[in-house]
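Single-letter residue listing:
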Amino acid sequence: MSFSRASGILLHPTSLPGRFGIGDLGTEATRWVDFLAGAGQKLWQILPLGPTGYGDSPYQCFSAFAGNPYLISPEKLVEDGLLSKNDLDDAPDFPAHTVDYGPVIQFKLKLLDQVYRNFKAGGGSAALRVELEAFNKAQAAWLDDFALFMALKDSQGGAVWSTWAPELVSRQPQALAVARRQLADVIESQRLRQFLFFRQWLAVKAYANEAGIKIIGDIPIFVAYDSADVWARPELFMLDAHGRSTVVAGVPPDYFAPTGQLWGNPLYQ
């Protein structure tokens, strides 16, 4: 096996420029790839791309499998016929050099809700709908639980899953069946968001690879407690009978933190 030296740059997509308050997977992402290639770089390092939860950290995500819908490019959605240009006219005057997550999340969720309404009303191409159906089938192993988890979380005002009704905490089949019926629209909206994220992300990735750029990055050692992963597969983690963590991750005192760090992630069984 032969090895070659390579250099690159760390830049999370949230740091890309743009007028919507946060970097996204649109034109600026491919411009960034062009810059890397022109500068003779071979690596683009990123951080986790999951849907951020507590503290807006990519290391505390609602899923180890899902993508962050705040990275979806609104302009690409216009190209797909899922938004009109007028939908983007009321974008707030976001800070130019920092991400103010509160207003960004409100704006992006408003747009994504509009996308779902447009999609239900017939927006988007027939080919797009075929792609969506194929995506839902291919990713069902994680997507079904994630979409239901996010819909339930929304219905519970964002509360941590272990505080939900006991029959939802323990995933009683009848309770989940009722939730799927009552929250059907929200669940389908969550599926659509994931499809659009991965459609845009994989296009950026393909563009980078064609330009000779490899994408690298770190992934969390643990998953977040308040995640679809822990809720759907509690037997994989050190939890008590009520779904609460019995042991959590952290590190002992060291040079960087004299008192150590308590991360709060549940340990694996």
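The structure we're discussing is the one just above.
Calculation rules
- Residues numbered from 1 in each chain as written.
- Predicted model: local features only at pLDDT ≥ 70, side-chain atom pairs only at ≥ 80, totals over all residues.
- Heavy atoms only, no water.
- Core = buried A, V, L, I, M, F, W, Y, C linked by side-chain atoms within 4.5 Å.
- Buried < 20%, exposed > 50% of the residue type's maximum accessible area, 1.4 Å probe, protein only.
- Contact = heavy atoms within 4.5 Å.
- Helix = DSSP H or I, 4+ residues; strand = E, 2+ residues; numbered from the N terminus.
- Phe/Tyr/Trp six-rings, centres within 6.5 Å; stacked < 30°, edge-to-face > 60°.
- Lys NZ or Arg CZ within 6 Å of the ring centre and 35° of its normal.
- 1 Å grid on protein atoms, 1.4 Å probe; cavity = no way out; pocket = protein on both sides within 12 Å on 5 of 7 lines; lining within 4 Å.
- Points joined across faces, edges and corners; volume = space filled by probe spheres on them.
- Nonpolar A, V, L, I, M, F, W, Y, C, P; charged D, E, K, R; others polar.
- Axes fitted to C-alpha atoms, helices over the stretch in contact; angles between N-to-C directions.
- Parallel < 35°, antiparallel > 145°, perpendicular 65-115°, else oblique.
- Pairing = 2+ DSSP bridges.

A.B. asks: Tell me about the nonpolar core, residues and numbers included.
C.D. replies: In terms of nonpolar packing, the biggest core is built from 67 residues, with W44 and W161 touching the most fellow members. Beyond its immediate sequence surroundings of up to four residues, W161 is in contact with F149, V169, Y225, D226, S227, V230, W231, L239 and G243.

A.B. asks: Please provide a residue-by-residue account of the environment of K214, values included.
C.D. replies: By secondary structure assignment, the location of K214 is in strand β3 (residues 214-217). Between the alpha carbons of K214 and A91 there is a distance of 33 Å; along the sequence they are 123 residues apart. Other than its neighbours up to four places away in sequence, K214 contacts K42, L43, W44 and N209.

A.B. asks: Could you give an account of the packing of aromatic side chains, with specific residues and numbers?
C.D. replies: For any pair of aromatic rings, geometry is given as the distance between the ring centres together with the angle between the planes. For the structure shown, the criterion picks out 18 aromatic pairs. Relative to F35, the ring of W32 has its centre 5.4 Å away and its plane inclined at 25°; by these criteria the two rings are stacked. Highlighted residues: W32 and F35, both in helix α1 (residues 27-38), separated by 3 residues, approximately one helical turn. Centroid distance F237 to Y268: 5.5 Å. Interplanar angle 35°. Geometry classified as tilted. Of this pair, F237 sits in the loop between α9 (228-232) and β4 (248-251) while Y268 sits in the segment after β5 (261-266), placing them 31 residues apart in sequence. The partly exposed category is assigned to Y268, whose relative accessible area is 39%. Site record: aromatic cluster; members linked through ring pairs are F65, F135, W142, F146, F195, F197 and F198. Looking at R129, its charged tip hangs above the ring of F119, at a distance of 4.0 Å from the centre.

A.B. asks: Any details on the layout of surface pockets? Residues and values, ideally.
C.D. replies: Of the voids in this model, the largest pocket is the one considered here, and its volume is about 530 Å³. When contributions to the lining of the largest pocket are tallied by element, the ones reaching two or more residues are α3 (101-120), α5 (140-155) and α8 (184-210). The dominant element in the lining of the largest pocket, judged by the number of residues it contributes, is α8, at 6 residues. A per-class count over the lining of the largest pocket returns 10 nonpolar, 7 polar and 7 charged. If you go around the second largest pocket, you meet 29 residues; those closest to its centre are P48, L49, G50, A64 and I219. Mapped by element, the contributors of at least two residues to the lining of the second largest pocket are α8 and β3.

A.B. asks: Account for the packing of helix α4 (residues 126-138) against α5, naming residues and giving values.
C.D. replies: For the pair α4 and α5, the least separation of the axes is 6 Å and the interaxial angle reads 95°. Judged by the angle between their axes, α4 and α5 are roughly perpendicular. Residue-level inspection shows F135, N136, K137 and A138 of α4 in contact with α5, the latter providing A140, W142 and L143. Among the residues making up the contact of α4 with α5, the classes are represented as 5 nonpolar, 1 polar and 1 charged.

A.B. asks: Mind laying out the sheet that holds strand β2 (residues 43-46), listing which residues take part and the relevant values?
C.D. replies: Whenever strands of a sheet pair, they do so through backbone hydrogen bonds, lying parallel or antiparallel. Read across the open sheet, the 3 strands follow the order β1-β2-β3; overall the sheet is parallel. The sheet is open, and its two edges are formed by β1 (8-10) and β3, each paired on a single side. Between one strand axis and the next, the sheet turns through 25° on average, direction left out of account. Direction of pairing for β1 relative to β2: parallel, over a ladder of 3 bridges. Counted as the bridge partner of L10 is Q45 from β2. Against the sheet, α1 engages β1 and β2, with an angle of about 135° to β2. Relative to the sheet, α8 contacts β2 and β3, its axis offset from that of β3 by approximately 120°.

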